[in-house]
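This is what each chain is made of:
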Amino acid sequence: MTEPLSGQAAVDQLLEVLDLKQLDAATFRGESPQTGAQRVFGGQVAGQALVAAGRTVDPERFVHSLHGYFVRPGDPTEPIQFTVETIRDGRSFSVRRSTAQQHGKTIFFMSASFQVTEEGLDHHTPAPDDVPAPADVPTMADWVTRYPSRRAAFNAAPRAIDVRYVNDPGWVPPGDRNASDQQRVWMRIDGTLPDDPLIHACALTYASDLSLLDSVLSVHGEVWGPGGVIGASLDHALWFHRPFRADEWFLYDCTSPSASGSRGLASGRMYTEDGRHIASAVQEGLLRRVGARR
């Protein structure tokens, strides 16, 4: 089996995925990495939609929030066309609507707001102080050594993000996961990104979809796949609070306030290693028992 891209090579491929081709002032085209996946990863299309929106905004205005809906599964073998609508350009804020389409149908749409830099009140909830440092948390390679049956899945896609679970990951076998009200993960882009803040925001958007819904399953000690649950993102919201680099460690501290009606709600806060609160995310997902009637 060919080893997947990792480190800077995988990061460079991620940058290629985020580097959309501009067709005209408001239209862009994006590609998906060919990994054999059956559908486009939600974080990818969200990150690409933000790239498209951001390219139509004055670079002096930085994204501070986005709200997106996953409407249809994306086909990874086909290009995605992004169309950006200018909703407003005010003195301090710009608002865009970015729509992703394949085969003439919308698969995802997002509203994003951008703001000029301003000074004002500043406070945030402290980062949790009982979390081990990234170097003291098992790597994905450590987990795969423990569960070699997961190696094929681990090797199926490029590894542009270094993901280190503080709690049990959601893909361990049924019965091996301890229930927890918290799902905490250290992450960083596993290489060097350009200094462009939009690229870091798009990379963080990509990463924010990796483990958020995992917190819903964690409450019940449930797992993904056979003997557990299958799921899909329904919507995703992200707020950016302070400057950051996505290629430096951040803690993704996730919880689930509610699950009902085959849907689960998850919220997450992202903190730098020195405790700065850089972003917050909320997502609702469809969660069904494997084999349940659709």
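Our structure's up above, just so we're on the same page.
Residues numbered from 1 in each chain as written. Predicted model: local features only at pLDDT ≥ 70, side-chain atom pairs only at ≥ 80, totals over all residues. Heavy atoms only, no water.

On to unusual backbone geometry. Phi angles above zero are rare outside glycine, and His103 is one such case at about 50°. Considering the arrangement of structural elements, one finds His103 in the loop between strand E5 (93–102) and strand E6 (105–116). Using a relative accessible area of 62% as the deciding quantity, one classes His103 as exposed. Within the chain, Ser262 stands out as a residue other than glycine whose phi angle is a positive 65°. Take Ser262: its relative accessible area is 39%, and that puts it in the partly exposed class. (Helix = DSSP H or I, 4+ residues; strand = E, 2+ residues; numbered from the N terminus. Buried < 20%, exposed > 50% of the residue type's maximum accessible area, 1.4 Å probe, protein only.)

A word on the sheet that holds E5. The strand order across the open sheet built from 12 strands is E1-E2-E4-E5-E6-E3-E9-E12-E11-E10-E8-E7, with neighbouring strands paired in antiparallel fashion. The sheet is open, and its two edges are formed by strand E1 (21–24) and strand E7 (161–165), each paired on a single side. Each neighbouring strand pair of the sheet contributes to a mean axis angle of 25°, computed without reference to strand direction. Alignment of strand E10 (residues 250–260) against strand E11 (residues 263–272), held across 9 bridges, turns out to be antiparallel. Bridge pairing in E11 places Ser260 opposite Arg263. Running over the sheet, helix H2 (residues 42–54) touches strand E2 (27–30), strand E3 (61–70), strand E4 (80–89), E5 and E6 and is turned about 50° from E6. Along the sheet, helix H5 (residues 197–208) makes contact with E3, E7, strand E8 (183–189), strand E9 (229–240), E10, E11 and strand E12 (277–289), crossing E9 at roughly 150°. (Pairing = 2+ DSSP bridges. Axes fitted to C-alpha atoms, helices over the stretch in contact; angles between N-to-C directions. Contact = heavy atoms within 4.5 Å.)

Applying the stated criterion to the full structure yields 13 salt bridges. The salt bridge involving Glu222 is made with Arg289; its shortest N-O contact spans 2.7 Å. On the criterion of sequence distance, the pair formed by Glu222 in the loop between helix H6 (214–220) and E9 and Arg289 in strand E12 is long-range, its members being 67 residues apart. Judged by relative accessible area, Arg289 falls into the partly exposed class, the value being 47%. Here Arg269 ties to Asp253 by a salt bridge, and the two come within 3.9 Å at their closest N and O atoms. Of this pair, Arg269 sits in strand E11 while Asp253 sits in strand E10, placing them 16 residues apart in sequence. You can call Arg269 partly exposed: its relative accessible area is 30%. (Salt bridge = Lys/Arg side-chain N within 4 Å of Asp/Glu carboxyl O.)

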